[in-house]
Amino acid sequence: MAKVLVFIDNPGDSLKKSSLELLTLGRSLGETAVALNGKLHDDVAATFGEYGVGAVLLPSAEDLDDFLVAPKAAYVAAAAEQLGATIVLLDNSPEGKEIAARAGIRLNAGVITDVVAVDADGTAHKSVLAGSYNTACKASTAVSVLTVKANNVVPEPAAAPTPLETVTVEVPAASTAAAARITAREQKVASGRPDLTDARIVVAGGRGLDGDFGPVEELADALGAAVGASRAATDAGWISHDAQVGQTGKTVSPQLYISAGISGAIQQKAGMQTAKVIVAVNKDAESPVFEIADFGIVGDLFNVLPQATAEIKKRKG
Ligand SMILES: Cc1cc2nc3c(=O)[nH]c(=O)nc-3n(C[C@H](O)[C@H](O)[C@H](O)COP(=O)(O)OP(=O)(O)OC[C@H]3O[C@@H](n4cnc5c(N)ncnc54)[C@H](O)[C@@H]3O)c2cc1C
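From a predicted model like this one, the values you see are computed outputs, not experimental measurements.

Caption draft 1: Representation of the site of the ligand within the structure. Around the ligand, the surrounding shell holds 26 residues, and the nearest of these are Arg207, Ser230, Thr248, Ser263 and Gln267. Arg231 has a polar backbone atom sitting 3.0 Å from an oxygen atom of the ligand. Taking 980 Å² as the accessible area of the ligand by itself, protein coverage stands at 75%. Taken together, the elements giving at least two residues each to the shell around the ligand come down to helix 7 (231–235), helix 8 (266–269) and helix 10 (301–316). When grouped by side-chain class, the residues that make up the shell around the ligand number six nonpolar, 15 polar and five charged.

Right under this line is the structure:
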């Protein structure tokens with residue numbers, strides 16, 4: 001049975017949905033262990049057991065967060081070697097990809113990024129060219145390192161919980177000697193809204209907002225939703241680049257995606273077309289977004305969104 005190592009970085013006291021997806025995928029491929037960076041909280045340990053994780057590997061050094069990714073990559077590689085893992089799974093964030101690349105060199109492993117599914121024999125599937133083609137690829141090396149896009153696996157606990165073993169992994173001292181050290185950190189202001197990639201509902205706005213994200217934010221707050229945006233809106237500086245949905249932004253797969261003042265270019269669709277229900281608000285009836293919308297409202301978003309917000313608030317009481 002293949003040995004699978006899943007890297008999870010600083011989960012705090014609960015695992016994100018994307019981590020649960022990695023654990024579920026790992027279990028479908030073989031015997032799963034986790035290389036954890038950060039403290040192992042009791043609730044997280046319990047969830048690992050529920051998801052069939054047999055071992056948690058912890059780094060010998062506690063200061064990995066004082067550096068950029070180099071020591072984390074050295075740790076992941078050392079953990080994979082210690083475990084004898086043939087598959088290493090990481091999240092598909094920019095940091096996840098960089099750790100994967102560096103760990104891949106240390107492990108002499110093939111690295112595949114932007115993975116959406118993995119077969120039992122290790123063949124990875126990717127959705128490319130803005131979702132218009134699917135490709136399959138397999139590393140020809142003994143170890144493969146895969147970064148997996150969120151929202152492509154349904155998280156599922158194992159049939160029976162597994163007892164959890166904890167193991168320490170020696171982090172190569174040389175990996176911190178020449179690594180870039182973080183000298184200061186600034187806390188990002190919390191929006192109080194759900195994380196965009198994990199949210200059940202996303203309300204996204206585009207160039208049609210003309211710089212005013214107020215109606216989108218008010219509707220999002222009435223629904224308990226995350227706020228997303230097209231690249232036109234983020235490039236214009238109306239909202240942070242973190243909110244961008246699409247080919248060069250985040251991939252979301254919520255139960256409900258409300259698109260307001262977005263034309264629905266192929267690069268935008270690439271990040272949201274797997275949403276269960278898509279509602280589009282656009283004043284142009286010919287806009288391509290209506291081709292993928294389940295419900296379309298042809299109208300001015302500055303009229304439509306506030307009415308929807310008021311009605312939702314009224315019904316919620
Ligand atoms: C390599 C590459 C990568 C890209 N990556 C991404 C990506 O990740 N994400 C992304 O989104 N784009 C991406 N793009 C850009 C993409 O091609 C489009 O340019 C962009 O999505 C357009 O954003 P938009 O729909 O907000 O603007 P527009 O295309 O200008 O559309 C605005 C829409 O708002 C409507 N509108 C205007 N006023 C109102 C109103 N008052 N009420 C209702 N509707 C109104 C208009 O009818 C129009 O349909 C990428 C492009 C390239 C080349």
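Next comes the rest of the account.
Caption draft 2: Focus on a negative patch on the surface. Taken together, the side chains of Asp210, Asp212, Glu217 and Glu218 define an acidic patch exposed on the protein surface. Note on Asp210: relative accessible area 63%, which makes it exposed.

Caption draft 3: Examining the packing of aromatic side chains more closely. Scanning the entire structure with this criterion turns up one aromatic pair. Measuring from ring centre to ring centre gives 6.5 Å for Phe7 and Tyr75, while their planes differ by 75°; the resulting arrangement is edge-to-face. Placement of Phe7 in strand 1 (residues 3–9) and of Tyr75 in helix 3 (residues 70–83) is noted, with a sequence separation of 68 residues between them. The burial state of Phe7 is the same as that of Tyr75; both residues are buried.

Caption draft 4: Up close: the packing of helix 6 (residues 214–223) against helix 10. Contact geometry for helix 6 and helix 10: axes closest at 9 Å, N-to-C directions at 20°. Classed by the angle they form, the pair helix 6 and helix 10 counts as roughly parallel. Along this stretch, helix 6 crosses helix 10, giving a crossing that reads as left-handed. Along its contact with helix 6, which presents Pro215, Val216, Glu218, Leu219, Ala222 and Leu223, the element helix 10 presents Phe302, Leu305, Ala308, Thr309, Ile312, Lys313 and Lys316. In terms of residue class, the contact of helix 6 with helix 10 is made up of nine nonpolar, one polar and three charged.

Caption draft 5: Local environment of the nonpolar core. Leu5, Leu57, Tyr75, Val88 and Leu107 are the most contacted members of the largest nonpolar core, which totals 27 residues. Breaking this core down by element, the ones donating at least two residues are strand 1, strand 2 (31–37), strand 3 (55–59), helix 3, strand 4 (87–91) and helix 4 (94–107). With seven residues, the top contributor of residues to this core is helix 3. Aside from chain neighbours lying at most four places away, what touches Tyr75 is Phe7, Ala35, Leu36, Asn37, Leu57, Leu58, Pro59, Leu64, Val169 and Val171. Formed by 25 residues, the second largest nonpolar core is a distinct cluster that contains Ile8, Leu22, Leu29 and Ala124.

What counts as what
- Residues numbered from 1 in each chain as written.
- Predicted model: local features only at pLDDT ≥ 70, side-chain atom pairs only at ≥ 80, totals over all residues.
- Heavy atoms only, no water.
- Near = heavy atom within 4 Å.
- Polar contact = N/O pair within 3.5 Å; in protein donor to acceptor, adjacent residues only side chain to side chain.
- Areas by Shrake-Rupley, 256 points an atom, 1.4 Å probe, with all protein chains shown as cover.
- Helix = DSSP H or I, 4+ residues; strand = E, 2+ residues; numbered from the N terminus.
- Nonpolar A, V, L, I, M, F, W, Y, C, P; charged D, E, K, R; others polar.
- Patch = residues over 30% accessible without salt bridge, like charges linked within 9 Å, V, L, I, M, F, W, Y side chains within 5 Å.
- Salt bridge = Lys/Arg side-chain N within 4 Å of Asp/Glu carboxyl O.
- Lys, Arg positive; Asp, Glu negative; His and termini not counted.
- Charge placed at Lys NZ, Arg CZ, Asp CG, Glu CD.
- Buried < 20%, exposed > 50% of the residue type's maximum accessible area, 1.4 Å probe, protein only.
- Phe/Tyr/Trp six-rings, centres within 6.5 Å; stacked < 30°, edge-to-face > 60°.
- Axes fitted to C-alpha atoms, helices over the stretch in contact; angles between N-to-C directions.
- Parallel < 35°, antiparallel > 145°, perpendicular 65-115°, else oblique.
- Left-handed = near helix turned anticlockwise from the far one by under 90°.
- Contact = heavy atoms within 4.5 Å.
- Core = buried A, V, L, I, M, F, W, Y, C linked by side-chain atoms within 4.5 Å.

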